[in-house]
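Here is how the chains run, residue by residue.
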Amino acid sequence: MKAVRQCKRAVAPAISTVILVGATIAIAIAAYQYVASSLAISQARANFEDAKEAFKEMARWLNTFAFTEGASQSIPLSLAHGMLEKQPYIIDIEGLGTFESYELRFYGKVQGYEEVLYGDKSPLIISPDQAEPIPIAYVDQDANGRWFVAINTSRIMIIDQGNVTINDQTYRKYSILMITIDDVEFSGSGTTFNVKIVVSDVEYKNLTPPSLSQISIDGETYNFPTNNIVVLVHSHIKIIVSS
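Residues numbered from 1 in each chain as written. Predicted model: local features only at pLDDT ≥ 70, side-chain atom pairs only at ≥ 80, totals over all residues. Heavy atoms only, no water.

(A) Looking closely at the overall build of the protein. Counting secondary structure elements, the protein contains one helix and 13 strands. Reading the protein from its N terminus to its C terminus gives the helix and strand order α-β-β-β-β-β-β-β-β-β-β-β-β-β. Counting every position in the protein, which comprises 243 residues, the buried fraction comes to 39%. Pairs at least 24 apart in sequence give 71% of the contacts found in the protein among residues at least 6 apart. Total accessible area on the protein stands at roughly 13400 Å², and carbon and sulfur atoms take up 53% of it. (Helix = DSSP H or I, 4+ residues; strand = E, 2+ residues; numbered from the N terminus. Buried < 20%, exposed > 50% of the residue type's maximum accessible area, 1.4 Å probe, protein only. Contact = heavy atoms within 4.5 Å. Areas by Shrake-Rupley, 256 points an atom, 1.4 Å probe, with all protein chains shown as cover.)

Structure, rendered in C-alpha cells:
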C-alpha cells in the first residue's frame, strides 16, 4: 500500500507539468496568431495607403500630359495585399455622342472611407471659368462592400479660346477636352508591378459648322453663344500593368 501511495504522489506532479506545458503552448500559439494577424492588417493598410499615393500620382500626371501625344509614365505599385481590376463605363454627352472608357481600380484588404485624393467628382462639365482637372483619383466602396482606390476621367473641360476671324466673319472658338482610357492590359505575376500610362493618340475633330448650341452630361448643361467654332480634343490613353 505504501508503494502505491508513493506512485500516486509521483504521478500528480507529472500531470501538473503536462497541463502547465500545454497551457503555455496554447498561450504562445494564441499570442503568435494575434501578432501575425496584427502584422497582416498593418501591412494591408500600408499597401492601401501606398496605392492611394500611386493613383494620386497617376491622376496628377494625366492632368499635365494627357494631351501630349506619345508621352508616357511608369508608376510602381505593390499588389502584396490587393488586386487590380478595370471597370468599363460610358461617357454619354448629349450633343456629341457616347464614348467608352475604363476606370482602373485597386481593391485592398482593409476598410477605407470615401475620399477624393485628386481633383473633384463635380462638375461633370468644367466650364472656362473653373480651374479643375479632368482626371480624378478617389476612394469608394462598390456594391459588394469592397473598398477600392480608382482613377477616372469621365469629366470634360471647355476652354474659351477667344474670337477668331474667318472670311471677315467673327466667331467664338471653343475647345472641348476629353480623356478616355481606351484599354488596360495586365501581364506578369508576383507582387511588384509597374503601371505604365501612355498617351497613344490625341484626336482633333471640328464639330462645327453648323454652330453647336449646347452639350449636357447627366443633367449638367453648357450653352455656347451663337456664331461659334467648337473643336473636340480627345486624348486616348492606354494603361499597361506589368511585373
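(B) Fine view of the pairing of strand 2 (residues 82-93). Bridging between strand 2 and strand 3 (residues 97-108) involves twelve bridges; their strand directions are antiparallel. Residue pairing across strands places I90 opposite E100, the latter belonging to strand 3. Hairpin geometry of strand 2 and strand 3 is characterised by an intervening segment of three residues between the two adjacent antiparallel strands and by a positive phi of about 105° at G95. (Pairing = 2+ DSSP bridges.)

(C) Region of the structure containing the pattern of salt bridges. If you walk through the whole model with that rule in mind, you get eleven salt bridges. A salt bridge links E49 to K52, with the shortest nitrogen-to-oxygen separation between them at 3.3 Å. Here the residue E49 and the residue K52 both occupy positions in helix 1 (residues 2-65), the gap between them amounting to three residues, near one helical turn. Take E49: its relative accessible area is 32%, and that puts it in the partly exposed class. Overall, K52 belongs to the buried group, its relative accessible area being 7%. Across the pair D142 and R146 runs a salt bridge, and its minimum N-O distance is 3.1 Å. Residue D142 is classed as buried on the basis of its relative accessible area, which comes to 15%. Accessibility expressed as a relative area gives 32% for R146, which makes it partly exposed. (Salt bridge = Lys/Arg side-chain N within 4 Å of Asp/Glu carboxyl O.)

(D) Broad picture of the nonpolar core. In terms of nonpolar packing, the biggest core is built from 42 residues, with F55, M58, L77, L104 and F106 touching the most fellow members. Sorting elements by how many residues they give to this core places helix 1 first, with nine residues. Ignoring sequence-local partners within four residues, the contact set of M58 consists of I75, L104, I151, V195 and I197. The next biggest cluster of nonpolar side chains, apart from the first, holds 18 residues, and it includes I91, I156, I217 and V230. (Core = buried A, V, L, I, M, F, W, Y, C linked by side-chain atoms within 4.5 Å.)

(E) Here's a closer look at the packing of aromatic side chains. What the rule picks out here adds up to six aromatic pairs. Summarising the aromatic geometry, the rings of F48 and F106 are spaced 6.2 Å apart at their centres and angled 55° between planes, so their arrangement reads as tilted. Residue F48 is located in helix 1, and its partner F106 is located in strand 3; the two are separated by 58 residues in the primary sequence. The exposure classification of F48 matches that of F106, with both residues buried. (Phe/Tyr/Trp six-rings, centres within 6.5 Å; stacked < 30°, edge-to-face > 60°.)

(F) Looking closely at the side chain of E103. Here E103 is to be found in strand 3. Among the polar contacts listed, one links the side chain of E103 to the side chain of R105, at a separation of 2.6 Å. Separated by 2.8 Å, the side chains of E103 and N152 make a polar contact. (Polar contact = N/O pair within 3.5 Å; in protein donor to acceptor, adjacent residues only side chain to side chain.)

(G) Inspection of unusual backbone geometry at higher detail. For the bond running from S122 to P123, omega is 0°, close enough to zero to count as cis. On the secondary structure map, P123 appears in the loop between strand 4 (115-118) and strand 5 (125-126). Positive phi outside glycine occurs at D168, with the angle close to 65°. Among the structural elements, D168 can be located in the loop between strand 8 (156-166) and strand 9 (169-187). Look at D168 and you get exposed, because its relative accessible area is 79%. The backbone of N227 sits at a positive phi, close to 55°, despite the residue not being glycine. Within the fold, N227 resides in the loop between strand 12 (220-223) and strand 13 (228-242).

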